[in-house]
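# Residue-level structure breakdown
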Amino acid sequence: MNQQQATHYTSPALKVCGLTNLDQIQELIDINTDFLGFIFYEKSPRYVLNHLSIEDIAQINHQGKVGVFVNEKIETIVEIAEKGKLNLIQLHGDEDDSLITELRKQLNPDVKIIKVIRIGNNTAENKEKIAKIFNDNAATHNLQPINYYLFDTDSKAFGGTGQLFDWNLLNDFDILLPYFLSGGISEENIKHMEGLKQKPFALDINSKFEIAPGDKDVNRIKKFKTIIPKSPNGTI
């Protein structure tokens, strides 16, 4: 007798980045937000240590705490990861393979690494740049220090632009790792995710869901969770 198969549909995980308020963080935990992003970049208006102590972050009971760093020293990243009990490290700067490989050696093996690729306009120049990043990371993949990619809109400010890049660019590549999709995601444009050949592992939202930098509109995030498109994910 043939076993009946049914397609199983799932939504991407959700990461809310740029968190600074403990009450809002608890609200996001209560609605099962998958990843909580804390920015450890002093030039960011959402620099978390201007609002919370590292002890505050350590005491947050969640398995998806992400520390975001930009061109930071390895020892600083490792120290903050340990003191804040972080689960993932997001490298949002110009970190090269050698730094990432060394960071992997020094981090707790349970802490995962997200490498950000900043994407500009849909031009031949940008496609060549992205292809080079993937090619340069080929050796790094073999050592497996990177667990996820995160694609974000290119900017001098290293994120938080609220601007969308052309997601169609991603259809030109075989993406070897699960990835986070970021950069100006909102209720108005999330439906375009359906045009992606390889769907994101997670969505990363930030400035579009704020009242002010670091001050999240939690009710809007709750509503957004209900409209995230579902995609086929094998059979059950």
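Look a little higher up for the structure.
Residues numbered from 1 in each chain as written. Predicted model: local features only at pLDDT ≥ 70, side-chain atom pairs only at ≥ 80, totals over all residues. Heavy atoms only, no water.

## Observations regarding the packing of helix 3 (residues 74-83) against helix 4 (residues 97-106)
It is the contact of helix 3 with helix 4, at a shortest axis distance of 10 Å, that shows an interaxial angle of 35°. When the axes of helix 3 and helix 4 are compared, the crossing they make is right-handed. In contact with Ile74, Ile77 and Val78 of helix 3, helix 4 contributes Leu99, Glu102, Leu103 and Gln106. (Axes fitted to C-alpha atoms, helices over the stretch in contact; angles between N-to-C directions. Helix = DSSP H or I, 4+ residues; strand = E, 2+ residues; numbered from the N terminus. Left-handed = near helix turned anticlockwise from the far one by under 90°. Contact = heavy atoms within 4.5 Å.)

## Thoughts on the sheet that holds strand 2 (residues 13-16)
Overall, parallel pairing links the eight strands, which are arranged 2-3-4-5-6-7-8-9 in a closed barrel. Between one strand and the next, the sheet's axes are offset by a mean angle of 25°, whatever the strand orientation. The pairing of strand 5 (residues 88-91) with strand 6 (residues 112-119) spans four bridges and is parallel. Its bridge partner being in strand 6, glutamine 90 is matched across the sheet by isoleucine 114. Most of the contacts of helix 7 (residues 218-225) go to strand 2, to which it runs at about 165°, and overall it touches strand 2 and strand 9 (202-205). (Pairing = 2+ DSSP bridges.)

## Some remarks on helix 4
All of the buried residues along helix 4 are Ile100, Thr101, Leu103 and Arg104. Taken down its axis, helix 4 places every buried residue within 160° of arc, on the same side. Structural note: helix 4 exposes Ser98 and Lys105 on the side pointing more than 90 degrees away from its buried face. (Buried < 20%, exposed > 50% of the residue type's maximum accessible area, 1.4 Å probe, protein only. Arc of directions from axis to C-beta.)

## Let's talk about the pattern of salt bridges
All told, the structure shown has eight salt bridges when counted by the stated rule. Residue lysine 83 is joined to glutamate 79 by a salt bridge in which the shortest nitrogen-to-oxygen separation is 2.8 Å. Of this pair, lysine 83 and glutamate 79 both sit in helix 3, four residues apart, which is roughly one turn of that helix. Residue arginine 118 pairs with aspartate 94 through a salt bridge whose shortest N-O separation is 2.9 Å. One end of the pair, arginine 118, is in strand 6; the other, aspartate 94, is in the loop between strand 5 and helix 4, with 24 residues separating them in the sequence. A residue is classified by how much of its surface remains accessible, and arginine 118, at 14% relative accessible area, is buried. The exposure class of aspartate 94 is exposed, given its relative accessible area of 53%. One salt-bridge network, held together by shared partners, links Arg46, Glu210 and Lys216. (Salt bridge = Lys/Arg side-chain N within 4 Å of Asp/Glu carboxyl O.)

## A short note on the nonpolar core
As a rule of thumb, nonpolar side chains are buried together in soluble globular proteins. Ile89 and Phe151 are the most contacted members of the largest nonpolar core, which totals 56 residues. Ranked by residues supplied to this core, first place goes to helix 3 with five residues. The residues contacting isoleucine 89, other than those within four sequence positions of it, are Gly67, Phe69, Ile77, Ala81, Leu103, Leu107, Val111, Lys112, Ile113 and Ile114. One finds Cys17, Tyr148, Leu150 and Phe180 within the second-largest nonpolar core, a separate group that totals 15 residues. (Core = buried A, V, L, I, M, F, W, Y, C linked by side-chain atoms within 4.5 Å.)

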